[in-house]
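One-letter residues, chain by chain:
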Amino acid sequence: MARTKKPKGSSRLAQMWQVFQMTRRYDKSIVGLLLVTLVLPIAAGVATGVLLSGGNVFTLVIWIIAGVLLGVLLGLIVLGRRAERAAYSQIEGQPGAVGAVIKSALKRNWIAEEMPVAINPKTKDAIYRAVGRGGVALIAEGPISRTQRLVDDEKRKTAKILPNVPITVLTVGPDEESVKLYKLGWQLTKIKPALTKSEVRVVSNRLASLGTNVPIPKGIDPYKVRPSRAR
């Protein structure tokens, strides 16, 4: 007997409801934010319609519909960003968290690998590397006091083969001055461009020659990142 296919619309609504439920567990303010995001555009649409319709019901309805559509659109945007933040908060502080999200957090003009380029096997602190228009970004995972030596070593190796390329260091960890996991992509976009797109590819290929032969301690990747094939 053939199975009855569920309408795509209903499955999408079910997915959105699951996303909302997950987000609400970690972000108690999401309900209030969504209500404000929905109500304000509708109220603005009604007010604008009353002022500009001149008693024309059709014009008033159009403005109300526009307000509803705008509210729904803004609500989806807010829910998406809050859901992403909630998802990051679940793994923040775990070894390998940066590697688990680095691909989704970075924009297309950045090249990065899920695998770290340096690891402290005892503490599980790690250094990740990204290459983009802003040059080379070294992303340390762990307390600044413990990752400083790893950062210095990696920075020295990078500067040796790329003396004219700017190097930016970011730290994702428990320190107050560290970058929050969900803000990592945004922090990288703030780096001032220094390379062209073609130069980014050249720099990335040159850094690949350094290799990433590092030991992988247990728990380094909560999302089962593929192991490095470098030998």
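Residues numbered from 1 in each chain as written. Predicted model: local features only at pLDDT ≥ 70, side-chain atom pairs only at ≥ 80, totals over all residues. Heavy atoms only, no water.

Visitor: It is not clear to me how the packing of helix α2 (residues 30–53) against helix α3 (residues 57–91) should be interpreted in this structure. Could you clarify?
Guide: What describes two packed helices is the angle between their axes and the distance between those same axes. Relative orientation of the contacting elements α2 and α3 amounts to 160 degrees, with a least axis distance of 8 Å. Relative to α3, α2 is oriented roughly antiparallel. α3 is crossed by α2, and the crossing has right-handed handedness. For the contact of α2 with α3, a count of residues per class yields 18 nonpolar, nine polar and one charged. (Axes fitted to C-alpha atoms, helices over the stretch in contact; angles between N-to-C directions. Helix = DSSP H or I, 4+ residues; strand = E, 2+ residues; numbered from the N terminus. Parallel < 35°, antiparallel > 145°, perpendicular 65-115°, else oblique. Left-handed = near helix turned anticlockwise from the far one by under 90°. Nonpolar A, V, L, I, M, F, W, Y, C, P; charged D, E, K, R; others polar.)

Visitor: How should a nonpolar patch on the surface be read in this particular structure?
Guide: Nonpolar side chains collect at one region of the surface, where Leu 13, Met 16, Val 31, Leu 35, Leu 38, Val 39, Val 68, Val 72 and Leu 76 lie side by side and expose about 710 Å² of accessible area between them. Of all the elements in the fold, those that place two or more residues in the nonpolar patch are α1 (8–26), α2 and α3. When residues of the nonpolar patch are assigned to their parent elements, the largest contribution, four residues, is made by α2. Relative to the helices and strands, Val 72 resides in helix α3. (Patch = residues over 30% accessible without salt bridge, like charges linked within 9 Å, V, L, I, M, F, W, Y side chains within 5 Å. Areas by Shrake-Rupley, 256 points an atom, 1.4 Å probe, with all protein chains shown as cover. Salt bridge = Lys/Arg side-chain N within 4 Å of Asp/Glu carboxyl O.)

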